[in-house]
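The chain contents come next:
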Amino acid sequence: MNILIINAGSSSLKYQLMDPDTGVVSAKGLCERIGIDGRLNHSANGKKVVKDIPMPTHSEAITATLNILVDPVDGVIKSTDEIDAVGHRVLHGGMEFFASCIIDDAVIAAIEKCIPLGPLHNPANLMGIRACQAVMPTTPQVAVFDTAFHMTMPPKAYRYAIPTEYYKNDSIRRYGFHGTSHKYVTKRAIELMGTKDIKIVNCHLGNGSSLSAVKDGKCQDTSMGLTPLAGVPMGTRSGDLDAAVVQFIMNKYGMSADECLNMLNKKSGVLAVSGVSSDFRDIEENANAGNADCELALEKFAYEVRKYIGSYAAALGGLDVLVFTAGVGENSATMRARICQDLEYLGVKIDAEKNNTRGKEAIISADDSKVTVWVIPTNEELMIAQDTAELVKAAN
Ligand code: ADP
């Protein structure tokens with residue numbers, strides 16, 4: 001089977017052609033500068049090509065993608081008929097979507113309804129969907145939501161303690177993000193442990209970071225909220241904050257709410273604390289060279305992640321498996337060690353030698369650790385491809 005995976009942003013569109021059974025990616029690329037001029041970056045057959053192609057809208061980007069996929073030299077298929085289905089990444093499913101689903105008019109209307117919750121991403125995701133529908137009208141399209149995996153949270157986890165009218169009238173509640181990644185690593189952890197009957201805390205630590213608490217394969221709580229701003233500090237996001245800080249800064253510096261939120265999303269997190277970079281590699285390098293602010297940024301990040309692990313162990317009533325994934329989680333042995341430091345009371349004991357690993361599935365806990373600690377590289381595209389294939393097969 002060939003599944004085309006589409007991740008459409010406001011001026012870009014990423015794609016991969018993947019076999020959902022093997023996870024093999026035969027081609028992938030990025031259309032960028034959509035609406036400006038247009039450039040296609042394509043990798044296939046061990047070769048990279050860059051082409052300037054006018055892309056006034058997402059439709060031209062999809063057409064350029066399909067053209068290069070069937071190109072006799074740079075392509076990997078003979079005809080677009082060989083694409084069995086398209087899986088679209090959609091940011092916000094609001095309270096409308098609890099799982100991935102085949103796209104029809106009702107689904108499009110429901111994604112539109114979620115635009116107030118994902119004002120930047122959902123319109124772009126819809127442009128990608130509509131463009132695909134226009135150029136490949138008979139190919140099934142599936143929507144895979146970043147929020148869906150977290151929809152099993154109980155009300156005590158997802159309701160905010162603010163007046164009910166905001167929940168009832170405006171759907172203001174915790175949703176959580178990175179759901180496709182949390183779903184993938186949960187699925188792998190269950191496969192690797194050979195049982196679903198486990199309490200898992202997943203740590204997706206990248207440029208954006210979030211944790212999830214999972215019991216019997218179902219999400220019970222997650223650190224991001226209505227938007228991806230909540231939870232642990234991230235590359236440039238503040239994470240959890242006393243809301244009164246917003247009022248104070250707005251009043252003192254004459255900032256609008258949008259300006260203040262922009263500062264919290266783009267100029268905060270480890271970038272702000274380190275004063276150097278949002279990239280953990282740069283921060284680690286500078287901390288090793290003696291930069292105290294970089295050391296504080298790493299300490300603060302590890303401390304906040306550790307606090308979430310402790311609170312989720314309490315929420316789940318125990319902990320069997322701790323998973324590290326995404327750029328930092330998969331690659332930074334020192335950050336994993338910092339986070340797990342002093343977690344022995346919880347049954348988490350890292351083996352320094354086993355922890356010296358990157359980018360591959362591995363147990364990093366000591367043999368006598370009560371909690372099994374895994375590094376599991378995430379694969380959101382494979383999850384999207386598998387969900388898409390499953391839904392399309394079931395519909396036939
Ligand atoms: P995104 O949220 O953009 O998908 P990623 O999951 O790709 O982010 O993670 C990016 C982060 O991972 C960057 O901050 C990068 O510095 C960090 N990272 C990647 N490799 C390493 C490494 N070897 N050591 C420390 N951090 C790393």
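Residues numbered from 1 in each chain as written. Predicted model: local features only at pLDDT ≥ 70, side-chain atom pairs only at ≥ 80, totals over all residues. Heavy atoms only, no water.

### A look at the site of the ligand
Thought 1: Taken together, 14 residues sit near the ligand, with Asn207, Gly208, Asp279, Phe280 and Gly327 positioned nearest.
Thought 2: Protein chains bury 70% of the 580 Å² of accessible surface belonging to the ligand in isolation.
Thought 3: When residues of the shell around the ligand are traced back to their parent elements, those giving at least two are helix 10 (280-288) and helix 12 (326-331).
Thought 4: With four residues, helix 12 is the largest single contributor of residues to the shell around the ligand. (Near = heavy atom within 4 Å. Areas by Shrake-Rupley, 256 points an atom, 1.4 Å probe, with all protein chains shown as cover. Helix = DSSP H or I, 4+ residues; strand = E, 2+ residues; numbered from the N terminus.)

### So, the sheet that holds strand 10 (residues 209-215)
Thought 1: Ordered by their spatial adjacency, six strands build an open sheet running 11-10-9-12-14-13, and the pairing between neighbours is mixed. Sheet topology places strand 11 (218-222) and strand 13 (362-363) at the edges, where each strand pairs with a single neighbour.
Thought 2: With seven bridges joining them, strand 9 (residues 199-205) and strand 10 adopt antiparallel strand pairing. Following the sheet pairing, Asn202 is matched in strand 10 by Ser212.
Thought 3: Docked against the sheet, helix 6 (residues 179-193) engages strand 9, strand 10, strand 12 (321-325) and strand 14 (372-375), running at close to 135° with respect to strand 9.
Thought 4: Its contacts with the sheet put helix 11 (residues 292-316) on strand 9, strand 10, strand 11 and strand 12, and the angle it makes with strand 10 is roughly 15°. (Pairing = 2+ DSSP bridges. Contact = heavy atoms within 4.5 Å. Axes fitted to C-alpha atoms, helices over the stretch in contact; angles between N-to-C directions.)

### Describing the domain arrangement of the protein chain
Thought 1: The domains assigned to the protein chain are domain 1 (3-145) and domain 2 (194-375).
Thought 2: Here the C-alpha centroids of domain 1 and domain 2 sit 30 Å apart. (Domains from an automatic or database assignment.)

### Some remarks on the packing of helix 10 against helix 11
Thought 1: With their axes 8 Å apart at the nearest point, helix 10 and helix 11 run at an angle of 125° to one another. Accordingly, the angle class assigned to the pair helix 10 and helix 11 is oblique. When you trace helix 10 past helix 11, the crossing you get is left-handed. Note on element contacts: helix 11 touches helix 10 through Cys294, Glu295, Ala297, Leu298 and Phe301, opposite Phe280, Ile283, Glu284, Asn286 and Ala287.
Thought 2: Looking at the contact of helix 10 with helix 11, its residues break down into seven nonpolar, one polar and two charged. (Parallel < 35°, antiparallel > 145°, perpendicular 65-115°, else oblique. Left-handed = near helix turned anticlockwise from the far one by under 90°. Nonpolar A, V, L, I, M, F, W, Y, C, P; charged D, E, K, R; others polar.)

### Re the pattern of salt bridges
Thought 1: For the coordinates displayed, the defined rule picks out 19 salt bridges.
Thought 2: For the salt bridge of Arg89 with Glu380, the shortest nitrogen-to-oxygen distance reads 3.5 Å. Taken together, the positions of Arg89 in strand 6 (residues 85-90) and Glu380 in helix 15 (residues 380-395) put the pair 291 residues apart, joining distant regions of the chain.
Thought 3: The class for Arg89 is partly exposed, based on a relative accessible area of 22%.
Thought 4: Between Lys354 and Asp367 there is a salt bridge; the shortest N-O distance is 2.7 Å. Remark: Asp367 occurs in the loop between strand 13 and strand 14 and Lys354 occurs in helix 14 (residues 352-355); sequence separation between them is 13 residues. (Salt bridge = Lys/Arg side-chain N within 4 Å of Asp/Glu carboxyl O. Buried < 20%, exposed > 50% of the residue type's maximum accessible area, 1.4 Å probe, protein only.)

### Points about the nonpolar core
Across soluble globular proteins, nonpolar side chains have a tendency to be buried as a group.
Thought 1: Membership of the largest hydrophobic core comes to 35 residues, with the highest contact counts inside it found for Val201, Cys203, Leu211, Val305, Ile309, Leu322 and Phe324.
Thought 2: Of all the elements in the fold, those that place two or more residues in this core are strand 9, strand 10, helix 10, helix 11, strand 12, helix 13 (333-340) and strand 14.
Thought 3: When residues in this core are grouped by element, the largest group, eleven residues, is from helix 11.
Thought 4: Discounting residues that sit within four places of it in the chain, Val305 has contacts with Cys203, Leu205, Leu211, Val232 and Ile339.
Thought 5: With 29 residues, the next largest nonpolar core counts Ile5, Val185, Val321 and Met383 among its residues. (Core = buried A, V, L, I, M, F, W, Y, C linked by side-chain atoms within 4.5 Å.)

### Focus: helix 15
Thought 1: With 16 residues, helix 15 extends 23 Å from end C-alpha to end C-alpha; this agrees with the ideal 22 Å at 1.5 Å per step.
Thought 2: What helix 15 keeps buried is the set Glu380, Leu382, Met383, Ile384, Ala385, Gln386, Asp387, Thr388, Ala389 and Val392.
Thought 3: Those residues of helix 15 that are buried lie in contact with strand 1 (3-8), strand 2 (13-18), strand 6, strand 7 (101-102), strand 8 (141-145) and helix 6. (Expected span 1.5 Å × (residues − 1).)

### What about helix 13?
Thought 1: Here helix 13 has its buried residues at Met335, Arg336, Arg338, Ile339 and Cys340.
Thought 2: Following helix 13 by one or two positions, Asp342 adopts a phi angle in the positive range, close to 65°.

### Some remarks on the environment of Met95
Thought 1: Looking at the element boundaries, Met95 is found in the loop between strand 6 and strand 7.
Thought 2: On the accessibility criterion, Met95 (30% relative accessible area) is partly exposed.

### Section: the pairing of strand 10
Thought 1: Within strand 10, six of the seven residues are buried, leaving the element largely enclosed by the surrounding structure.
Thought 2: As consecutive antiparallel partners, strand 9 and strand 10 are separated by three residues.
Thought 3: Of the pairings in the sheet, the one linking strand 10 to strand 11 comprises four bridges and is antiparallel in character. Within strand 11, the residue paired with Ser212 across the bridge is Thr222.
Thought 4: Connecting the antiparallel pair strand 10 and strand 11 is a turn made up of two residues, with Asp216 showing a positive phi of about 50°.

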